[in-house]
Amino acid sequence: MAGQKTDQRDVYVGQRIAEQRRKASLTQRRVAQSFGMSAAQLQKYEKGTNRISAVHLDIFSRMTGVPMDYFFKGMPRTDDFIAPGFAEQEQSTLSEGGLKRLAEVVGRHITENFSEEARRDVADAIRTLESKLGG
């Protein structure tokens with residue numbers, strides 16, 4: 001990683017690392033030992049002075065039980081590029097009409113593809129859900 005300048009994204013990821021390390025009651029020394037480096041180097045990662053490698057971030061993720069994507073959610077962007085499959089746009093919520101259309105499609109699929117017994121089970125589940133929702 002020589003020659004690569006760090007930026008606000010590295011600072012952001014470093015802050016998230018420090019936050020999770022403290023929540024997990026881990027010392028910098030303990031984490032650094034698992035990485036095979038000095039605590040001073042880990043401190044540089046946490047401050048964003050140096051960029052952490054994907055391998056070290058994966059190790060840390062497993063140590064703390066925090067998914068890798070946690071460290072990147074909400075990270076400031078420096079470009080407009082959205083990589084397909086990595087940063088898919090959020091789905092919009094369905095309007096009431098959209099929900100009705102969805103129910104019609106699901107109902108048609110169930111009618112055409114499920115046995116009579118399975119259709120009765122689905123209908124029972126829907127009635128139970130309706131009663132739980134107060135409908």
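- For the protein, an unreviewed UniProt entry supplies the name HTH-type transcriptional regulator and the organism Methylobacterium tardum.

### With respect to the overall build of the protein
Part 1 of the argument: In terms of regular secondary structure, the protein is built from 6 helices and 0 strands.
Part 2 of the argument: Moving toward the C terminus, one meets the helices and strands of the protein in the order α-α-α-α-α-α.
Part 3 of the argument: Looking at the protein as a whole, 22% of its 135 residues are labelled buried.
Part 4 of the argument: Once local pairs closer than 6 in sequence are excluded, the contacts in the protein between residues at least 24 apart make up 63%.
Part 5 of the argument: Split by element, the accessible area of the protein, about 10100 Å² in all, is 53% carbon and sulfur.

### Some details on helix 3 (residues 39-47)
Part 1 of the argument: Looking only at helix 3, the buried set comprises Leu-42, Tyr-45 and Glu-46. Across the axial projection of helix 3, the buried residues extend over an arc of 95°, all falling on one side.
Part 2 of the argument: Close packing links the buried residues of helix 3 with helix 1 (8-23), helix 2 (28-35) and helix 4 (54-64).
Part 3 of the argument: At the C-terminal side of helix 3, Gly-48 shows a positive phi close to 80°.

### Thoughts on the layout of surface pockets
Part 1 of the argument: In this model, the second largest pocket occupies a volume close to 290 Å³.
Part 2 of the argument: Lining the second largest pocket are 15 residues, and of these Asp-10, Val-13, Arg-51, Ile-52 and Phe-72 lie nearest its centre.
Part 3 of the argument: Of all the elements in the fold, those that place two or more residues in the lining of the second largest pocket are helix 1 and helix 4.
Part 4 of the argument: Class assignment of the residues belonging to the lining of the second largest pocket gives a composition of 8 nonpolar, 3 polar and 4 charged.

### Re the packing of aromatic side chains
Part 1 of the argument: Counted by the stated rule, this structure contains 2 aromatic pairs.
Part 2 of the argument: Where Phe-60 meets Phe-71, the ring centres are 5.8 Å apart and the plane angle is 55°; that geometry is what we call tilted. Placement of Phe-60 in helix 4 and of Phe-71 in the loop between helix 4 and helix 5 (96-113) is noted, with a sequence separation of 11 residues between them.
Part 3 of the argument: Aromatic side chains Tyr-70 and Phe-71 sit 5.3 Å apart centroid to centroid with 80° between the ring planes, which places their arrangement in the edge-to-face category.
Part 4 of the argument: In this structure Tyr-70 comes out as buried when scored by relative accessible area, which is 17%.
Part 5 of the argument: Overall, the relative accessible area of 0% leaves Phe-71 in the buried class.
Part 6 of the argument: Put simply, the rings of Phe-60, Tyr-70 and Phe-71 touch in pairs and so form one group of aromatic residues.
Part 7 of the argument: We note Arg-16 situated over the ring of Tyr-70; from NZ or CZ to the ring centre the distance is 3.8 Å.

### Some words on the pattern of salt bridges
Part 1 of the argument: Overall, the coordinates contain 9 salt bridges when judged by the stated rule.
Part 2 of the argument: For the salt bridge of Arg-62 with Asp-58, the shortest nitrogen-to-oxygen distance reads 3.0 Å. Note that Arg-62 and Asp-58 are positioned in helix 4 at a spacing of 4 residues, about one turn of the helix.
Part 3 of the argument: Accessibility expressed as a relative area gives 59% for Arg-62, which makes it exposed.
Part 4 of the argument: For Asp-124, the salt bridge goes to Arg-127, with nearest N and O atoms at 2.4 Å. Of this pair, Asp-124 and Arg-127 both sit in helix 6 (residues 116-132), 3 residues apart, roughly one helical turn.
Part 5 of the argument: Here the salt bridges share partners, and the residues they tie into one network are Glu-116, Arg-119 and Arg-120.

What counts, and at which threshold
Residues numbered from 1 in each chain as written. Predicted model: local features only at pLDDT ≥ 70, side-chain atom pairs only at ≥ 80, totals over all residues. Heavy atoms only, no water. Helix = DSSP H or I, 4+ residues; strand = E, 2+ residues; numbered from the N terminus. Buried < 20%, exposed > 50% of the residue type's maximum accessible area, 1.4 Å probe, protein only. Contact = heavy atoms within 4.5 Å. Areas by Shrake-Rupley, 256 points an atom, 1.4 Å probe, with all protein chains shown as cover. Arc of directions from axis to C-beta. 1 Å grid on protein atoms, 1.4 Å probe; cavity = no way out; pocket = protein on both sides within 12 Å on 5 of 7 lines; lining within 4 Å. Points joined across faces, edges and corners; volume = space filled by probe spheres on them. Nonpolar A, V, L, I, M, F, W, Y, C, P; charged D, E, K, R; others polar. Phe/Tyr/Trp six-rings, centres within 6.5 Å; stacked < 30°, edge-to-face > 60°. Lys NZ or Arg CZ within 6 Å of the ring centre and 35° of its normal. Salt bridge = Lys/Arg side-chain N within 4 Å of Asp/Glu carboxyl O.

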